[in-house]
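Each chain, letter by letter, is given below.
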Amino acid sequence: MALKIIESCVNCFACEPLCPSKAIYEAKPHFLIDAKKCTECEGDHAEQQCAAICPIEGAILNAMGEAVNPPGSLTGIPPEKMAQAQAELRAH
Ligand code: SF4
Ligand code: SF4
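Since the model is a prediction, treat every value here as computed from it, not as a measurement.

Chemist: Which parts of the structure should I look at to understand the site of ligand 2?
Modeler: The environment of ligand 2 is formed by Ile5, Cys9, Val10, Asn11, Cys12, Phe13, Ala14, Cys15, Phe31, Cys54, Pro55 and Ile56. Counting atoms within 2 Å of the grid points, the majority share of ligand 2 lands in the largest cavity. The class makeup of the residues in the shell around ligand 2 is 11 nonpolar, 1 polar and no charged.

Here it is, written out as structure tokens:
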């Protein structure tokens, strides 16, 4: 079981030093997780450290391919509210 960083990663470097398994590495075009090393933090931390610090919603997926920080989880703004606000801004 391993987490995965996808292309919306902004290369902020926050996750890399926190990984207890040294599974995260800098790559192009964005940081990656070595699936062979990632333990999902089991035995080290209750929370997956990379997902806990990552400021970008949806940038880290679990083994099922689901966002660990889904849209709205960090901002507290429900996705439909965000879409509505953006539509209103575009209308002005
Ligand atoms: S889940 Fe834990 S072990 Fe896996 S990459 Fe993230 S910080 Fe490292
Ligand atoms: S914390 Fe998130 S955005 Fe920052 S480098 Fe890691 S995966 Fe990318």
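Chemist: Just to check I follow, could you spell out the site of ligand 1 for this structure?
Modeler: Around ligand 1, a shell composed of 13 residues is seen, among which Cys19, Ser21, Cys38, Cys41 and Cys50 lie nearest. Because more than half of its atoms lie within 2 Å of the grid, ligand 1 is assigned to the second largest cavity.

Chemist: So what exactly am I meant to see when it comes to unusual backbone geometry here?
Modeler: A negative phi angle is the norm for most residues apart from glycine, just as the trans form is the norm for most peptide bonds. Note the cis peptide between Lys28 and Pro29, where omega equals 0°. By secondary structure assignment, the location of Pro29 is in the loop between β2 (24-25) and β3 (32-33). Even without being a glycine, Asn11 presents a positive backbone phi close to 55°. Here Asn11 lies in the loop between β1 (4-5) and β2. Positive phi values are uncommon outside glycine, yet Lys22 reaches one of about 50°. Among the secondary structure elements, Lys22 is positioned in the loop between β1 and β2. A relative accessible area of 65% places Lys22 in the exposed class.

Chemist: Before we go on, may I ask you to explain the environment of Leu3 in this structure?
Modeler: Its place among the elements puts Leu3 in the segment before β1. For Leu3, a relative accessible area of 3% translates into the label buried. Residues contacting Leu3, with those up to four places away along its chain left out, are Ile33, Cys38, Glu40, Gln48, Cys50, Ile60, Leu61, Asn62 and Val68.

Chemist: For this particular structure, what's the right way to read the packing of aromatic side chains?
Modeler: For any two aromatic rings, the description comes down to two numbers: the centre-to-centre distance and the angle of the planes. Enumeration over the complete set of coordinates arrives at 1 aromatic pair. Pairing Phe13 with Phe31 gives two aromatic rings, centres 4.9 Å apart and planes at 80°, and the pair type is edge-to-face. Here the residue Phe13 occupies a position in the loop between β1 and β2, and Phe31 occupies one in the loop between β2 and β3, the gap between them amounting to 18 residues. The exposure class of Phe13 is partly exposed, given its relative accessible area of 43%. A residue is classified by how much of its surface remains accessible, and Phe31, at 2% relative accessible area, is buried.

Thresholds applied
Residues numbered from 1 in each chain as written. Chains lettered and ligands numbered in written order. Predicted model: local features only at pLDDT ≥ 70, side-chain atom pairs only at ≥ 80, totals over all residues. Heavy atoms only, no water. Near = heavy atom within 4 Å. 1 Å grid on protein atoms, 1.4 Å probe; cavity = no way out; pocket = protein on both sides within 12 Å on 5 of 7 lines; lining within 4 Å. Sits in = over half its atoms within 2 Å of the grid points. Nonpolar A, V, L, I, M, F, W, Y, C, P; charged D, E, K, R; others polar. Helix = DSSP H or I, 4+ residues; strand = E, 2+ residues; numbered from the N terminus. Buried < 20%, exposed > 50% of the residue type's maximum accessible area, 1.4 Å probe, protein only. Contact = heavy atoms within 4.5 Å. Phe/Tyr/Trp six-rings, centres within 6.5 Å; stacked < 30°, edge-to-face > 60°.

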